[in-house]
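Remarks on the overall topology
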Amino acid sequence: MNLNYKLAISLIVSCLVVPLTAKADKFDDAVNEYIKGYKACTEANTLRAQNLQAAKRKFNTYLQQLNKAKSIDPSILSTTQRDMDSNLRYCERVEVNIKRAEATPILEKGFTYCDNAKAALKNGDASSAKTNMDEYKRYRDDAMIITESIMDVFALASKVRSCARVEEKLNVAMVEENAIIEQLNVAIAGYQTVNTQCQAAKAAITSPKFTLQKLDDVNKQMNAANKAKKDARKNAQAFETLKTQPNRPQSQELQKLIDSAAQCEGETSEHIRTATKNKRGLEKQINAGIATLTESQQACEAAKSSSNRFTADSDISKAEADFKRSADLKRRVTGDKNLIATVKKYPSWSSSQQFSKMMNSTEACQKSTAASIKNQKANFTAQKKKAQEDAARTWRCFS
């Protein structure tokens, strides 16, 4: 009985001790595996200042060993035995320091763009400020992706907050900037219209097919160009920006359009002046013809008035003399082939239309007056003959 009891107790103790011993061996194996990586962790910390890439490789080795150790016995992450807790905390700090060492130069490079944005904003160049601020934010975000612990560094966090204030000021400035850009774009669109109208006018007036008949159309195009320029100039802020910020892209585009328009206007205006001079010369010739036709019309009207009723030979002589003068004046006009050709070539001119109207009026007057003179002359001759016959009969009666 006592022998069996002792044997049972021995067996129970053996069953309890064997698992505990196995567990202790497993823990030790995990810690030993971790220690191999811990060495790489300390080496990574030493290399961090001189060779960051080598330090990262060493720390990756540490992480691999840590994962192996955890797979053997996860309890090593929560134990104080064999200094595991202090070793783990040490390597966590090493990891943070490595990430900070990687992120800090990225963030510091971003700070240069922040400083550029601040300087550009001070100079009133919101567009350049935004470009630099966008670059700063890209570098800042890249650094934060690596580790947000850089914000635990006072100097870096202070600079980030400073850049945030610059960004706030930039947002306000961008509202004004967008208004300026809008005015610049309106001015640019206006001067594009100026160039379009002017170039069309220039192409028309320099074409081999150009005639003075088309001069009015060219002038209309130039008037449209002038109106577009006047409207564009209403955007005073745009031209003030052009003056104070000539290097911004919109200013350069606007200046290019202004220069192009000025050149086109100068060249086209010279052609217009030449064509206008030629037109005025031809209109002077037409107006001279109108003046002659007016004289012819007046002479015709005088002949017509005299031919209402002839009472004496002098009436006939005067009517015929006025009619002859009217005919001679009209013949002087119709005999001018160049004048007639000009009127036919440019029928839309007001002078040509007035000429044609006067010509038709004079021809109508001469036609009716010629008939009137003929009829009245025949009547006068008949009356004169009758009076002579009556006088002859009266003489025979008394004799």
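All figures in this text were calculated on a predicted structure; none of them were measured in a lab. Throughout, a residue's number is its position along its own chain's written sequence, starting from 1. Local features in a predicted model are, by the rule used here, given only for residues with pLDDT of at least 70; side-chain atom pairs are given and counted only at 80 or more, and totals for whole chains, interfaces and linings are based on all residues. Hydrogens are left out, water is left out, and the side-chain values use all remaining heavy atoms of the structure.

At Arg82, a position not held by glycine, the phi torsion is positive, near 55 degrees. Strands are runs of DSSP state E lasting at least 2 residues, helices are runs of H or I lasting at least 4, and numbering of each runs from the N terminus. Assignment of secondary structure puts Arg82 in the loop between helix H2 (52–72) and helix H3 (84–122). For Asp83, which is not glycine, the phi torsion reads 60 degrees and is therefore positive. In this structure, Asp83 sits in the loop between H2 and H3.

All right, on to the state of the cysteines then. Note on disulfides: each one is a pair of cysteine sulfur atoms within 2.5 Å. Summed over the entire model, instances satisfying the criterion amount to four disulfides. Each sulfur of the disulfide joining Cys114 and Cys163 lies 2.1 Å from the other. Since a negative S-S torsion denotes a left-handed disulfide, the Cys114-Cys163 link at about -120 degrees is left-handed. Remark: Cys163 occurs in helix H5 (residues 154–205) and Cys114 occurs in helix H3; sequence separation between them is 49 residues. Residue Cys114 shares its accessibility class with Cys163, and that shared class is buried. The partner cysteine of Cys198 in its disulfide is Cys264, sulfur to sulfur 2.2 Å. Handedness here is read from the sign of the S-S torsion; for Cys198 and Cys264, about -110 degrees, the answer is left-handed. Separated by 66 residues along the polypeptide, Cys198 in helix H5 and Cys264 in helix H8 (residues 249–306) bring together distant segments of the chain. Only protein chains enter the area calculation, which uses a 1.4 Å probe; residues under 20% of their type maximum are buried, those over 50% are exposed, and those in between are partly exposed. Under the relative-accessibility criterion, Cys198 is labelled buried at 0%. Given the relative accessible area of 2%, Cys264 is considered buried. Sequence-ordered numbering of the disulfide-bonded cysteines in the chain gives the connectivity 1-2, 3-4, 5-6, 7-8.

A separate point is the pattern of salt bridges. When a carboxyl oxygen of Asp or Glu is within 4 Å of a side-chain nitrogen of Lys or Arg, the pair counts as a salt bridge. In the structure shown here, the tally under the stated rule is 25 salt bridges. In this structure, the salt-bridge partner of Arg140 is Asp141, at a minimum N-O distance of 3.2 Å. Of the residues examined, Asp141 reaches a relative accessible area of 35% and is grouped as partly exposed. A salt bridge links Lys229 to Glu265, with the nearest nitrogen and oxygen atoms 3.2 Å apart. Here the residue Lys229 occupies a position in helix H6 (residues 215–232), and Glu265 occupies one in helix H8, the gap between them amounting to 36 residues. With relative accessibility at 25%, the residue Lys229 sits in the partly exposed group. Each of Lys227, Asp231 and Lys234 takes part in one network of salt bridges that share partners.

This paragraph deals with the confidence of the model for the chain. When pLDDT is low, close inspection of the predicted coordinates is not appropriate. Chain-level pLDDT for the chain is 89 on average; 94% of the residues reach the 70-or-more range. Scored below 50 in pLDDT, residues 11–18 shows one contact in the model against residues more than four places distant or in partner chains. As a per-residue measure, pLDDT reflects the predictor's confidence and takes values from 0 up to 100. By the convention used here, residues are in contact when the closest approach between their heavy atoms is within 4.5 Å.

This brings us to the packing of H3 against H5. Helix-helix packing is described using two parameters, namely the angle between the two axes and the distance between the axes. Viewed as axis vectors pointing N to C, H3 and H5 meet at an angle of 35 degrees, and their least axial separation amounts to 10 Å. By crossing handedness, the relation of H3 to H5 is classed as left-handed. Packed against H3, whose contacting residues are Thr104, Leu107, Glu108, Phe111, Cys114, Asp115, Lys118 and Leu121, the element H5 presents Leu156, Lys159, Val160, Cys163, Val166, Lys169, Leu170 and Ala173 at the interface. For the contact of H3 with H5, the per-class residue count stands at ten nonpolar, one polar and five charged. With axes taken as lines fitted to C-alpha atoms, and helix axes fitted only over the stretch in contact, angles between N-to-C directions fall between 0 and 180 degrees. The sense of a crossing depends on the near helix, which, turned anticlockwise from the far helix by less than a right angle, makes the crossing left-handed and, turned clockwise, makes it right-handed. By the convention adopted, Pro, Cys, Tyr, Trp, Phe, Met, Ile, Leu, Val and Ala count as nonpolar, Lys, Arg, Asp and Glu as charged, and the other residues, Gly among them, as polar.

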